[in-house]
Amino acid sequence: MAPKTARARRLGIALRHHREAAGLTLETAADEINSTRSTLSRYENAQTLVSPATVRALLTLYGVSAEEVAAAVELAKDARKPGWWVSYSYLLDRRTIDFIALEAEAVAIANFEPSVVPGLLQTADYIRGVMRGGPHTLSDSDVEERVRMRLDRQQRIFEDEPPIFDAILDEAALLRPVGDHSAQQGQLGHLLKMSELPNITVQVIPLAAGYHRGTRGSLHILEFADPEDPIIASVETVAGQMILDRPGELRTCTKIMEHLRTVALSPTASREAIFQLLKGR
């Protein structure tokens, strides 16, 4: 099963919209193209990639203009192109792969982390410390594969047209040793350097803020360029990454992220706090 990319989600939304505009049920549309209701439902929910030929057949059935059909067919072709993460798919569970595929297409990423430095800002040595302290016992080669994967994932924020990345982390994440002293020093210095990039904002929630709405766990919110693509949120659980896309869930997650921004130090004060920690170690 292919990952649920933003392009696949957008195509599924378009297929559902045009079917409903044509006044056809899933059953009727599926019968017309010799398919099944469940298959067509999976196409519309981006659970299964739809072929360009099927897209053409469906949209022609729905009476869509030739221009829109051609655009949707190209979108179907793009959605089937493998991403960089495919070579690492054997390392990850399906939910994590889905999240990485969506993250790769986001134009804005907001990430709060209560216990560790956000993954997109971690150094190689810090990643090694995280992997060795994780829930699974990994060999040195397994650890290095995961380090390479995360560093490849980070390249997204250094592209010519990078996403806006808002990183919010609890001060506890900065105080918690991960790896040896050198790794911790390197990580703090890297955070300062990354915070100077025009597309990256780093904010620290001080311990003095007390218990806040993010204390329970990490949170990601992704936004996409096409207005037809709704935002998605993701939370980390003991069972892995969980993607949230229901309106009520998204409203809650958005409010939590807004709250975290208000209790965090300003970007300037956050850089000073990180510098003081680096200086004092």
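So, here is what we can say about the structure in this document. (Residues numbered from 1 in each chain as written. Predicted model: local features only at pLDDT ≥ 70, side-chain atom pairs only at ≥ 80, totals over all residues. Heavy atoms only, no water.)

Quick word on the overall build of the protein
Within the protein, the regular secondary structure consists of twelve helices and six strands. In terms of principal-axis extent, the alpha carbons of the protein reach across some 70 × 40 × 35 Å. Looking at the protein as a whole, 44% of its 281 residues are labelled buried. Entry remark: accessible area of the protein is about 14100 Å², with carbon and sulfur atoms responsible for 52%. Averaging the positions of the 32 positive and the 37 negative side-chain charges in the protein gives two centres separated by 3 Å. (Helix = DSSP H or I, 4+ residues; strand = E, 2+ residues; numbered from the N terminus. Buried < 20%, exposed > 50% of the residue type's maximum accessible area, 1.4 Å probe, protein only. Areas by Shrake-Rupley, 256 points an atom, 1.4 Å probe, with all protein chains shown as cover. Lys, Arg positive; Asp, Glu negative; His and termini not counted. Charge placed at Lys NZ, Arg CZ, Asp CG, Glu CD.)

Structural notes on the pairing of strand 3 (residues 200-205)
The side chains of a regular strand alternate, first on one face of the sheet and then on the other. Within strand 3, five of the six residues are buried, which leaves the element mostly enclosed by the surrounding structure. Pairing analysis gives six bridges linking strand 2 (residues 164-170) to strand 3, with the strands arranged parallel. When the sheet's bridge partners are listed, alanine 167 is paired in strand 3 with valine 202. (Pairing = 2+ DSSP bridges.)

Some words on the packing of helix 1 (residues 6-21) against helix 3 (residues 37-44)
In contact at an axis separation of 7 Å, helix 1 and helix 3 are set at 125° when each is read in the N-to-C sense. Accordingly, the angle class assigned to the pair helix 1 and helix 3 is oblique. Residue-level contacts link Gly12, Ile13, Leu15, Arg16 and Arg19 of helix 1 to Leu40, Tyr43 and Glu44 of helix 3. A class-by-class count of the residues in the contact of helix 1 with helix 3 yields four nonpolar, one polar and three charged. (Axes fitted to C-alpha atoms, helices over the stretch in contact; angles between N-to-C directions. Parallel < 35°, antiparallel > 145°, perpendicular 65-115°, else oblique. Contact = heavy atoms within 4.5 Å. Nonpolar A, V, L, I, M, F, W, Y, C, P; charged D, E, K, R; others polar.)

As for the sheet that holds strand 6 (residues 240-244)
Strand order across the open sheet formed by six strands is 3-2-1-4-5-6, with mixed pairing between neighbours. Looking along the sheet, the strands with just one partner apiece sit at the ends: strand 3 and strand 6. Taking each pair of neighbouring strands and ignoring which way they run, the sheet shows an average axis angle of 15°. Each of strand 1 (108-113), strand 2, strand 3, strand 4 (219-223), strand 5 (232-237) and strand 6 touches helix 11 (residues 247-263); the most contacted strand, strand 4, lies at about 110° to it.

Regarding the environment of glutamine 122
For glutamine 122, the position within the fold is in the loop between strand 1 and helix 7 (124-132). Considering only alpha carbons, one finds glutamine 122 and leucine 26, 96 residues apart in sequence, at a separation of 46 Å. Filtering out sequence-adjacent residues up to four positions away, glutamine 122 remains in contact with Val116, Val117, Ile127, Val130, Arg150, Leu151, Gln154, Gln187 and His190.

Structural notes on the nonpolar core
Counting 28 residues, the largest nonpolar core has Leu121, Leu169, Leu174, Leu191, Val202, Leu222 and Ile274 as its most contacted members. Those elements giving two or more residues to this core turn out to be helix 6 (94-103), strand 2, helix 9 (171-175), helix 10 (181-194), strand 3 and helix 12 (267-280). Counting residues per element, this core draws most heavily on helix 10, which supplies four residues. Apart from residues lying up to four places away in sequence, isoleucine 274 is in contact with Leu174, Leu188, Leu191, Leu192, Val202 and Val204. (Core = buried A, V, L, I, M, F, W, Y, C linked by side-chain atoms within 4.5 Å.)

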